[in-house]
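# Report on the structure
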Amino acid sequence: MKNKTTQITTIYILIASILAVFLYKITSLYFKQEDQLIFNLFKDFILILLTGFAFRYILSKNERRNKTIFERLENTNNEIKESNQKYDIVSKATSDTIWDWKIQEDKMIWSKGIKAVFGYEEDQVGDSSSWWFGNIHPEDSIKMSIKLYSFIEQKTEKWQDEYRFKCADNTYKYVLDRGFLLKDENGKAVRMIGALQDVTKQKEEELRLKLLETVILQTKESIVITEATFNKKLLPKIIYTNPAFTQMTGYQANEIINNSLDILKGPNTELNVIKKIIQIIQNKEEGLLEIRCYKKDKTEFWLRFTMIPIYNSENELSHWVSIQRDVTEEKNQEKEKEQLIKELTQNNKDLKQFSYITSHNLRAPMSNLTGLLNLIEDIEIDDPELNEIINGFSKSTHLLNETIEDLTKVMIIKDNTSIEKEDISLKEVFENVFSQLSNQIEIIKPYLKLDIENVSVLNSNKAYMESILLNLLTNSLKYRSTDRTLKITIIANQNGNTVELIFKDNGIGIDLKRNKDKIFGLYQRFHDYPDSKGLGLYLVKSQVEAMKGTINIESQVNKGTTFTLTFKSK
Amino acid sequence: MLDLILCVDDDPITLMLCKKVISKASFSNTIITAKNGEEALEYFDSIINKGATKELPQLIFLDLNMPVMDGWEFLDNFNTDKYSEVNSTKIVVLSSTIDPEDHEKSKKYPMVIDFLSKPITSNMLTYLESKLQL
């Protein structure tokens, strides 16, 4: 164009110059001096006119051409705009992130998805491929590069890959990247355009399903999935069983799938449970049942199973899932246990009855003996030998009576686990106990220290409490040291909602190293005393425990014994 | 002092003790005895037949464990309409039982005023005297 313009201009200058020289010659040869002025004017006028027409022709031609070019450009521009819009719409609709990589120049641009999906601001997005590669998870990047470059070198036909791509917040998203190549006239790859699809949700779902599948495959519970459809003659058809089911029944999945669950039925299968199953299926509800079934080798076993209805997205029942377990052993144990409990209960009942009868039969003649002795007491006997005999007879009878009474008490405590409690005054209880032992206290004259003001009222059983304290006090009096004055200290403390009773003496003590385990046992005697029955501490412990309390002992031989009793105050 | 007491027990020693302790404590003028529930009921039958309500005991000491007819069976019979004329007589159960259920069971009979453990003693009689407001 430029050259053409110079050409036209040069031709114009040449023609105009030649014409000017030629007309000057004509003027000077053919026109007179006075006519030359008019001729020059006419000549110039003609020249201007010719030049004007020539200009007009050239300019109008140019204008037309420019207009055509402009229109063409405008069209192209519109097309590009439209194409860009489409591209935006497509990338929005697919939620894919589009990238465009000029391979030789290593220039890369990303669509808006890089912000929407991955959170990158415009100024954070790099313009070369290294930014892309840099954001690929280290564990995925090598594998991805190998595949990508073998595609660019056109060793492979298609390229798509899955990898983890880093977001602006440093978390990773699983992406599916698909691309195609643009080649130059020599077939060399010059440009690559790709679409990055966020598949994190699908991937997570896939991993979750894989995990669930592992659970189903690995679990010890048998899992059976059946169809939802069912007719009244046959239970639903099996469509899946896990390995545990094969383990349990002996049926391989392929030999049982498409069969009805009826295959597990046998002669002892409970018909009422089958009816229940049908009812559950009809009502489309969940169920937990037990039934006798048969393995492939016809061995009978107890099956405990749940039935869970499964609904599809249209809320229609699509399947039943059943989780099953062989509970034969459990059932057998249960049966044995039931039998054992039955026997034990009967034994216990018999023993209780026996002990009441024995007790009654012992107490009846005992009461007669006591009654008779009471009568003898009022008769004066002169014979000293007879007197001595009766005295011994009386002592033995009283000891025997006490033993029987103590044993009876223990029996009643053991039989009645719940006892009545009331608010009792500790002071009153102690007064009662002291008055019962007044004779002995009078003779022994112990130093008694009572510090029970901290606890005035105790929620307890009065008879038990008196019996406990009477036993402990009797023990202190009985097992006192002859070398020193007996000293008994009794302290009551309230600690939050527990009451602590400390009962301390300076008696002969008990060798706890030797007797630790049997201290509160039945018929345990730690001292060779004639009237020791080996019942007292057993009774005390039984009564303390019947009131949900505890008892502890500390003792040192020839120094003394301390009992600590604790009770809940309410 | 009561006029007439009936002691029902199969054990002759118990009956002997009852007699001695009661008379010693001057608790009652007359003491009659029965070997079991059946004998006791027969005694009440004869009173009803004769219409001799004067011979009605004011108190019965009743054992529970007896052959032929035990204390419970006696109470069941005595508590029926047949003996409505005479069953205002107060009864003290005197037994060697330790079964707490027996104690509870005895409370169901309106004529049973107490449940005492053998042997009978003078203290027991003093206690009963005050209870009966003699």
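Reading the values: the criteria
- Residues numbered from 1 in each chain as written.
- Chains lettered and ligands numbered in written order.
- Predicted model: local features only at pLDDT ≥ 70, side-chain atom pairs only at ≥ 80, totals over all residues.
- Helix = DSSP H or I, 4+ residues; strand = E, 2+ residues; numbered from the N terminus.
- Buried ≥ 20, exposed ≤ 12 C-beta atoms within 10 Å, placed from the backbone.
- Contact = placed C-beta atoms within 7 Å.
- Pairing = 2+ DSSP bridges.
- Axes fitted to C-alpha atoms, helices over the stretch in contact; angles between N-to-C directions.
- Expected span 1.5 Å × (residues − 1).
- Nonpolar A, V, L, I, M, F, W, Y, C, P; charged D, E, K, R; others polar.
- Parallel < 35°, antiparallel > 145°, perpendicular 65-115°, else oblique.
- Left-handed = near helix turned anticlockwise from the far one by under 90°.
- pLDDT = per-residue confidence, 0-100.
- UniProt positions renumbered as here; feature names shortened; annotations may be inferred.
- Arc of directions from axis to C-beta.

## Here we look at the overall build of chain B
- A tally of helices and strands in chain B yields 5 helices and 5 strands.
- When the helices and strands of chain B are listed from N to C terminus, the series reads β-α-β-α-β-α-β-α-β-α.
- Taking all 134 residues of chain B together, the buried fraction comes to 33%.
- For chain B, contacts bridging at least 24 residues in sequence account for 71% of all contacts bridging at least 6.

## Considering the sheet that holds strand 14 (residues 487-495) of chain A
Residues and elements named next belong to chain A.
- Taken in spatial order, the 5 strands line up as 12-14-15-17-16 in an open sheet, and their pairing is mixed. Lying at the two open borders of the sheet, with one neighbouring strand each, are strand 12 (447-451) and strand 16 (550-556). Recorded for the sheet is a direction-independent mean angle of 10° between the axes of neighbouring strands.
- In terms of strand pairing, strand 16 meets strand 17 (residues 560-568) through 7 bridges, oriented antiparallel. Bridged to Thr550 within strand 17 is Thr566.

## Description of helix 6 (residues 200-218) of chain A
- Over its 19 residues, helix 6 of chain A runs 26 Å from end to end, which matches the ideal 27 Å to within 8%, given 1.5 Å per residue.
- Among the 19 residues in helix 6 of chain A, 0 count as buried, and that is only a small part of the element.

## Focus: the sheet that holds strand 7 (residues 238-241) of chain A
All names here are of chain A.
- Across the sheet, 5 strands lie side by side as 7-6-10-9-8; this open sheet has antiparallel pairing. Two strands in the sheet have a free side with no partner beyond their single neighbour: strand 7 and strand 8 (287-294). Taken pair by pair, the neighbouring strands of this sheet meet at an average axis angle of 30°, ignoring direction.
- Relative to strand 9 (residues 300-311), strand 8 runs antiparallel, the two being bridged by 8 bridges. Across the sheet, residue Glu290 finds its bridge partner in strand 9, namely Arg304.

## Side note on unusual backbone geometry
- The peptide bond linking B:Lys118 to B:Pro119 adopts the cis configuration, its omega dihedral lying at 5°.
- Backbone geometry at A:Asn170 places phi at a positive 70°, although glycine is not the residue there.
- Turning to its location among the elements, A:Asn170 is positioned in the loop between strand 3 (159-166) and strand 4 (172-183).
- In this structure, A:Lys298 takes a positive phi of about 70° despite not being glycine.
- By the element assignment, A:Lys298 lies in the loop between strand 8 and strand 9.

## Thoughts on the interface of chain B and chain A
- The interface of chain B with chain A comprises 15 residues on the first partner and 16 residues on the second.
- Residue contributions to the side of chain B that touches chain A peak at 4 residues, all from helix 1 (residues 12-24) of chain B.
- In terms of residue class, the side of chain B that touches chain A is built from 6 nonpolar, 5 polar and 4 charged.

## Some points on the packing of helix 14 (residues 462-478) of chain A against helix 16 (residues 536-546) of chain A
Residue and element names in this part refer to chain A.
- At their nearest, the axes of helix 14 and helix 16 sit 9 Å apart, and the two run at 150° to each other. Between helix 14 and helix 16, the angle is such that the two are roughly antiparallel. Once helix 14 is placed against helix 16, the crossing between them reads as left-handed. When helix 14 is examined against helix 16, the residues Tyr464, Ser467, Ile468, Asn471, Leu472 and Asn475 are found in contact with a partner set consisting of Gly536, Leu539, Val540, Gln543, Val544 and Ala546.

## Some points on the confidence of the model for chain B
- Here chain B averages 89 in pLDDT, and 99% of its residues register 70 or above.
- For this predicted complex, the interface score ipTM comes out at 0.79, alongside a pTM of 0.49.

## Focus: the UniProt feature "modified residue: 4-aspartylphosphate" (unreviewed entry) in chain B
- Mapped onto the present numbering, the UniProt feature "modified residue: 4-aspartylphosphate" (unreviewed entry) falls on B:Asp63.
- Assignment of secondary structure puts B:Asp63 in the loop between strand 3 (59-62) and helix 3 (71-78).

## Re helix 2 (residues 37-50) of chain B
All names here are of chain B.
- When the terminal C-alpha atoms of helix 2 are compared, their 20 Å separation across 14 residues agrees well with the 20 Å that a helix rising 1.5 Å per residue should span.
- Listed in full, the buried residues belonging to helix 2 are Gly37, Ala40 and Phe44. Looking straight down helix 2, one finds that the buried residues subtend no more than 70° of arc, so they occupy a single side. Exposed positions of helix 2 whose direction lies more than 90 degrees from the buried face are Glu42, Ser46, Asn49 and Lys50.
- For helix 2, the secondary structure elements touched by its buried residues are strand 1 (2-8), strand 2 (28-34) and helix 3.
- One or two residues past the end of helix 2 sits Gly51, with phi positive at roughly 70°.

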